[in-house]
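Fold and contact review
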Amino acid sequence: MKNYILFAFLFFSISSFAQIKGTITDEKGNPLPFVSIFEENTYRGTTSNEQGHYQLQVKEIGKNRIVFQYLGFKTQKITVSADSKTLTLDVKMQEESFALNEVVIDPKNNPANAIIKNAIANRKVNSEKTARFTADFYSKGILKVKDLPKKILGQKVDLGPDLSSNLDSTGTGILYLSETISKVSYQKPDKLKETIIASKISGNNKGFSYNTAALSTYDFYDNTLEFDVNLISPIANNAFSYYKYKLEGSFYDDNKQQIYKIKVIPKRDKEPVFEGYIYIVDDSFAIYAVDFDIKGYRMKNEFTEVMNLKQSFSYNVKNKIWSKNAQTLSFNAGGFGIKFSGQFNYVYSNYEFPESFAKKTFGNEIVAFDLNANKKDDSFWNEIRPIPLTLEESTDYTKKDNLQVIRKSKKYTDSIDAKNNKFKVLDILGGYDYKNTFEKYSFKFDGLLSPASLSFNTVQGFNLGTGFSFKKWNEEKGKSTSIGTVFNYGFSDERLRVIGEFSHRFNTINYATISASGGTKTEQFNSAEPISKLINSVSSLFFKDNYMKLYNLEFAQINYAQDVANGLNLNARIAYEQRKSLFNTTDYSFFKRDDIYSSNNPLLPNDFNTPAFDQHHLMKANLTARINFGNKYISRPDGRYNFKDEKYPTVFLAFEKAFAASEKKYEFERIGAAVQYDLSLNNKGVLGMNFRAGKFFNAENISFIDYRHFNGNQTHIGTSDRYLNVFNLMPYYDNSTNDSYFEMHLEHNDMGFLMNKIPLLNLLKSTMNLGFHSLAIPDRKPYTEFTVGLDNLGFGKFKLFRVDYVHSYQGGIQQNGVVFGLKILNVLN
């Protein structure tokens with residue numbers, strides 16, 4: 001009922017409005033895009049599109065004073081009178097003449113500096129004026145691709161039939177077009193409530209656009225603005241450490257207020273800074289407009305060439321508030337010969353500035369979609385859309401919406417599937433996928449020679465895996481079911497191991513999921529798998545180091561997980577496990593063939609006859625809770641989508657119990673806890689923290705398998721983006737324990753704060769990492785590590801490498817080493 005009332009109210013509001021529309025050009029007749037148009041002393045406004053067309057909703061056309069505001073052009077106010085519901089008003093704008101008094105500008109007396117200092121001094125006052133508001137919000141986003149190559153690195157580019165049909169013969173076209181209408185309540189610094197009334201995606205009448213106000217809030221009254229890194233505002237408290245300023249002129253707006261045009265110039269090229277123009281109002285020193293470029297490398301996003309952010313503000317003489325009425329964010333990006341461009345337009349209108357909000361206005365739900373948000377027809381959009389569609393956009397909607405009916409038909413999906421499902425003889429080796437789009441199920445065979453499944457270890461020798469899987473899904477209900485099996489054969493131990501797996505997700509509201517698996521596999525003593533198959537294979541075959549220690553596991557387990565409350569996820573598992581020791585069966589390597597591998601016993605590396613443990617079985621039960629404090633979420637008719645609140649840590653609590661063992665000594669209990677948190681230091685980087693602690697009970701004689709093992713690294717190769725879960729020089733099993741433990745990982749990434757300021761080194765466009773890692777267990781000296789290194793290293797756009805110097809210390813034994821980070825291995829694994 002609430003949704004119907006909201007829709008009825010909205011429809012009544014729309015129908016009671018009148019419309020002024022037209023085209024805005026310069027004196028030569030060239031269309032002017034993104035001109036701000038609003039009714040004087042109201043918050044009803046819009047902008048023109050790329051072709052200069054606009055349409056403005058007003059309550060009634062009687063005597064209305066319409067303001068046309070555009071950077072570089074004189075603001076115009078036009079009074080219109082008419083009796084009809086629609087009025088056409090074309091406007092020709094004149095270029096602004098900027099006046100600059102004849103003053104001598106020297107480093108000690110720069111007039112721009114005085115203006116910026118006043119803007120900084122008045123920043124808090126001006127920010128407070130718009131600290132609380134409600135508004136209507138409109139956004140339109142478009143993504144385009146240009147010159148898409150036929151092949152990349154020798155591989156054919158396949159976007160699928162739906163996307164490929166959007167491109168012309170040159171590989172150019174619109175990939176994505178969407179619009180959003182919403183009502184927003186906002187309170188600084190970060191309280192937001194947004195209700196999406198209408199959402200439209202070209203060619204997808206079931207889609208929900210994410211062009212939301214929540215993802216488009218850029219406030220230059222803040223010290224920093226978050227992009228991929230925190231960029232320094234040109235009127236931040238420390239702005240003079242990052243920018244130089246030049247006064248290029250001033251003009252008077254229609255309210256006789258003097259506006260200063262100031263060029264913002266970065267002091268150092270590699271810093272997280274803007275460049276362009278900021279317009280400041282005299283006396284109040286509020287922001288009138290901004291026009292800034294953001295270079296991709298300055299925000300550590302090498303694939304973005306340049307991003308442009310424009311904002312314009314309008315003035316209301318009644319409450320003396322400058323409020324943002326329009327914003328445009330555009331970018332050019334690319335890689336591998338592909339060129340992308342994007343543009344997102346935002347319009348804020350119908351502002352209200354309450355003194356305060358009711359207590360329950362804001363909660364953890366930051367965005368909610370109306371039940372029929374994606375079901376609005378063309379007449380609705382034509383009536384309410386503040387920025388007219390361009391011819392290109394209108395054509396895209398018409399084309400894709402017409403094609404959508406065809407693409408969702410059984411005949412079409414079957415024909416596309418038939419083409420993609422053709423079986424080739426080589427698919428036996430490389431893998432084969434079968435999909436029925438209309439019935440919503442798929443089948444996959446991994447192939448007999450999948451490169452990812454080929455590895456080497458001293459227990460199995462070369463081993464190869466494959467598998468089959470079947471999946472069925474229901475997008476509307478958020479359900480999905482998958483069944484699969486995995487085969488692995490070791491050529492040295494001549495043994496086939498098989499695992500069967502089943503998983504069913506019930507919905508996308510609380511993500512209730514049940515899964516079961518069972519079979520036989522080789523398992524690392526540390527189930528966290530501190531060494532990957534690829535790294536171990538290289539270490540063994542090239543350097544005769546076999547760090548991966550394995551045992552044979554026969555098991556059956558069932559797992560259930562769901563969100564039981566906002567931010568609280570519970571996961572319960574019960575398993576039967578039968579464990580058996582394994583021994584080396586091969587001494588093969590590419591090099592160092594005269595050397596001998598260590599044994600497969602992690603406790604006795606030189607003993608090739610003693611098993612690491614006696615064969616046994618037991619039952620294990622685990623209960624794990626994950627708590628995201630202040631968890632935020634978006635509610636859609638098809639599900640709920642969670643977002644971690646970065647202000648709070650994530651906490652993990654665990655209880656594990658082993659019982660019904662073949663011998664009583666293998667039974668135990670363990671409790672554990674972990675806290676993970678990223679502390680933002682604004683432009684000074686991010687301090688990542690990971691604390692873990694736990695305690696065993698009745699565990700004096702348990703199997704070494706069940707000890708708490710810690711993620712060491714003896715290969716000097718790092719494979720993760722961050723080292724918050726690893727000790728970089730610690731042997732894999734030297735500090736395993738069946739008692740209490742506490743481990744701490746700290747890593748500060750300066751995000752370029754220091755590196756950007758060091759001559760020559762700043763050319764690397766890298767970031768500096770400082771780390772500290774510590775482990776404390778009973779009856780042993782603590783293990784500590786200090787690390788310093790450079791991240792974001794690479795060539796051109798590809799920053800996939802990292803290098804760290806590590807110093808470790810334990811009980812008088814010191815080690816020094818270098819860890820080379822190869823983040824590309826995340827993909828290969």
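This one's a predicted model, so the numbers in the text were calculated from it and none came from an experiment. (Residues numbered from 1 in each chain as written. Predicted model: local features only at pLDDT ≥ 70, side-chain atom pairs only at ≥ 80, totals over all residues. Heavy atoms only, no water.)

**As for the overall build of the chain**
For clarity, the cut-off: Secondary structure elements follow DSSP: runs of H or I no shorter than four residues count as helices, runs of E no shorter than two count as strands, and numbering proceeds from the N terminus. For the radius of gyration, the atoms used are the C-alpha atoms, and the globule rule reads 2.2 Å times the number of residues raised to 0.38. The rule is simple: take the accessible area with a 1.4 Å probe, protein chains only, and divide by the maximum for that residue type; under 20% is buried, over 50% is exposed, in between is partly exposed.
Helix and strand counts for the chain come out as ten helices and 44 strands. On C-alpha atoms alone, the chain measures out to a radius of gyration of 31 Å, which is about the 28 Å that the 2.2 N^0.38 rule sets for 829 residues. When its C-alpha atoms are laid out on the principal axes, the chain stretches across 100 × 70 × 55 Å. Expressed as a percentage of the 829 residues in the chain, the buried residues total 48%.

**A few points about unusual backbone geometry**
With an omega of 10°, the peptide bond between Lys188 and Pro189 qualifies as cis. For Pro189, the position within the fold is in the loop between β12 (173-187) and β13 (191-201). The backbone of Lys320 shows a phi angle near 60°, a positive value even though the residue is not glycine. For Lys320, the position within the fold is in the loop between β20 (304-316) and β21 (321-335). Positioned with a positive phi, Glu529 is a non-glycine residue whose angle comes to about 55°. Mapped onto the secondary structure, Glu529 falls in the loop between β30 (513-524) and α9 (533-543).

**Some words on the pairing of strand β36 (residues 650-659)**
What counts, and what does not: DSSP calls a pair of strands paired once it identifies at least 2 bridges connecting them.
With ten bridges connecting them, strand β33 (residues 616-628) and β36 associate as antiparallel partners. Opposite Arg626, over in β36, you have Phe652 as the bridge partner. Here β36 pairs with strand β37 (residues 668-680) via nine bridges, running antiparallel. In the sheet register, Phe655 faces β37, and the bridge partner there is Ile671.

**Some points on the confidence of the model for the chain**
Short version of the rule: For every residue, the predictor reports its confidence as pLDDT, a number between 0 and 100. The contact criterion used is simple: two residues touch if any of their non-hydrogen atoms lie within 4.5 Å.
Averaged over all residues, the pLDDT of the chain equals 89, while 93% of them reach at least 70. Counted against residues more than four places away or in other chains, residues 1-16, with its pLDDT under 50, gives 15 contacts.

**Structural notes on the pairing of β12**
Along β12, twelve of the 15 residues are buried, which leaves the element largely enclosed by surrounding structure. Judged from the 14 bridges that link them, strand β9 (residues 132-146) and β12 form a sheet pairing that is antiparallel. Its bridge partner being in β12, Leu143 is matched across the sheet by Tyr176.

**Focus on the nonpolar core**
How we decide: Definition of nonpolar core: a set of buried residues of the types Ala, Val, Leu, Ile, Met, Phe, Trp, Tyr and Cys, connected through side-chain atoms within 4.5 Å.
Grouped together as the largest cluster of nonpolar side chains are 61 residues, with contacts concentrated most on Phe227, Tyr243, Ile262, Phe274, Ile278 and Ile287. No other element matches the six residues that strand β19 (residues 287-295) contributes to this core. With near-sequence residues (within four places) excluded, Ile287 lies in contact with Phe220, Tyr221, Ile235, Ile278, Tyr279, Ile280, Phe313 and Trp322. With 20 residues, the next largest nonpolar core counts Ala699, Tyr723, Val726 and Leu775 among its residues.

**Brief notes about the pattern of salt bridges**
The following threshold applies: In what follows, salt bridge is the name for a side-chain nitrogen of Lys or Arg lying within 4 Å of a carboxyl oxygen of Asp or Glu.
Evaluated as defined, the whole model comprises 41 salt bridges. The shortest N-O distance in the salt bridge between Arg65 and Glu40 comes to 3.1 Å. Of this pair, Arg65 sits in strand β5 (residues 64-69) while Glu40 sits in the loop between β2 (36-39) and β3 (45-47), and the two are 25 residues apart along the sequence. Exposure remark for Arg65: the relative accessible area of 36% places this residue in the partly exposed category. In this structure, the salt-bridge partner of Arg495 is Glu554, at a minimum N-O distance of 3.8 Å. Highlighted residues: Arg495 in strand β29 (residues 495-505) and Glu554 in strand β31 (residues 550-565), separated in sequence by 59 residues.

**Focus on the sheet that holds β5**
As a reminder, the rule being used: The convention used is that axes are lines fitted to C-alpha atoms, helices contributing only their stretch in contact, and that angles between N-to-C directions extend from 0 to 180 degrees.
Within the open sheet, the four strands sit side by side as β3-β2-β5-β6. Their pairing is antiparallel. The open sheet has two edge strands, β3 and β6 (76-80), and neither has a second partner. Each strand of the sheet is rotated relative to its neighbour by a mean of 20°, with strand direction disregarded. As judged from the three bridges shared by β2 and β3, these two strands associate in the antiparallel manner. Bridge pairing in β3 links Ile37 to Thr46.

**Some words on helix α7 (residues 410-420)**
Rules: Directions are taken from the helix axis to each C-beta atom, and the arc is the one they span.
All of the buried residues in α7 are Thr413, Ile416 and Asp417. Along the long axis of α7, the arc covered by the buried residues comes to 100°, so they all point the same way. Among the exposed residues of α7, those oriented more than 90 degrees off its buried face are Lys411 and Lys419.

**Looking at the side chain of Thr25**
Within the secondary structure layout, Thr25 lies in strand β1 (residues 18-25). In this structure Thr25 comes out as buried when scored by relative accessible area, which is 14%.

**Regarding the side chain of His748**
The line we're drawing: Between N or O atoms, a polar contact is any pair within 3.5 Å; within protein, one atom must be a potential hydrogen donor and the other a potential acceptor, and residues adjacent in sequence are included only when both atoms are from side chains.
The topology assignment puts His748 in strand β40 (residues 741-749). Separated by 2.9 Å, the side chain of His748 and the backbone oxygen of Lys684 make a polar contact. Those residues in contact with His748 that lie beyond four places of it in its chain are Leu681, Lys684, Gly685, Val686, Leu687, Met768, Asn769 and Leu770.

**A word on the packing of aromatic side chains**
As a reminder of what qualifies: The rule is short: rings of Phe, Tyr and Trp, with Trp giving its six-membered ring, pair when the centres are within 6.5 Å, and they are stacked under 30 degrees, edge-to-face over 60, tilted in between. Charge over a ring is defined by NZ of Lys or CZ of Arg lying within 6 Å of the ring centre and within 35 degrees of the ring normal.
With the rule as written, the count across this model stands at 51 aromatic pairs. Measuring from ring centre to ring centre gives 5.9 Å for Tyr588 and Phe590, while their planes differ by 90°; the resulting arrangement is edge-to-face. The exposure class assigned to Tyr588 is partly exposed, which follows from its relative accessible area of 34%. An aromatic cluster of at least three residues, connected via ring pairs, comprises Tyr43, Phe133, Phe137, Tyr186, Tyr346, Tyr348, Tyr351 and Phe353. The lysine or arginine in question, Arg268, covers the ring of Tyr242, its NZ or CZ lying 5.8 Å from the ring centre. In this structure, Arg802 is placed above the aromatic ring of Tyr723, and the distance from its NZ or CZ to the ring centre is 3.9 Å.

**So, the environment of Gln676**
Assignment of secondary structure puts Gln676 in strand β37. Residue class for Gln676 comes out partly exposed when judged on its relative accessible area of 30%. C-alpha separation for the pair Gln676 and Asn64, spaced 612 residues apart in sequence, amounts to 57 Å. What Gln676 contacts, discounting residues up to four positions off in sequence, is Pro649, Thr650, Phe652, Met689, Asn690 and Arg692.

**As for the environment of Thr650**
Locating Thr650 in the fold gives a position in strand β36. For Thr650, a relative accessible area of 5% corresponds to the buried category. The sequence separation of Thr650 and Asn628 amounts to 22 residues, and the corresponding C-alpha distance is 4.8 Å. Non-local contacts of Thr650, meaning those with residues more than four positions away in its chain, are made with Arg626, Ile627, Asn628, Lys644, Ala674, Val675 and Gln676. Here Asn628 takes part through its side chain, which lies 2.6 Å from a polar atom of the side chain of Thr650.

**Remarks on the environment of Arg802**
When you line up the elements, Arg802 lands in strand β43 (residues 798-810). Setting aside its immediate chain neighbours within four residues, Arg802 contacts Asp721, Arg722, Tyr723, Glu747, Asn769, Leu790, Asp791, Leu793, Val819, Phe820 and Gly821. Only 2.7 Å separates the side chain of Arg802 from the side chain of Asp804, close enough to count as a polar contact.

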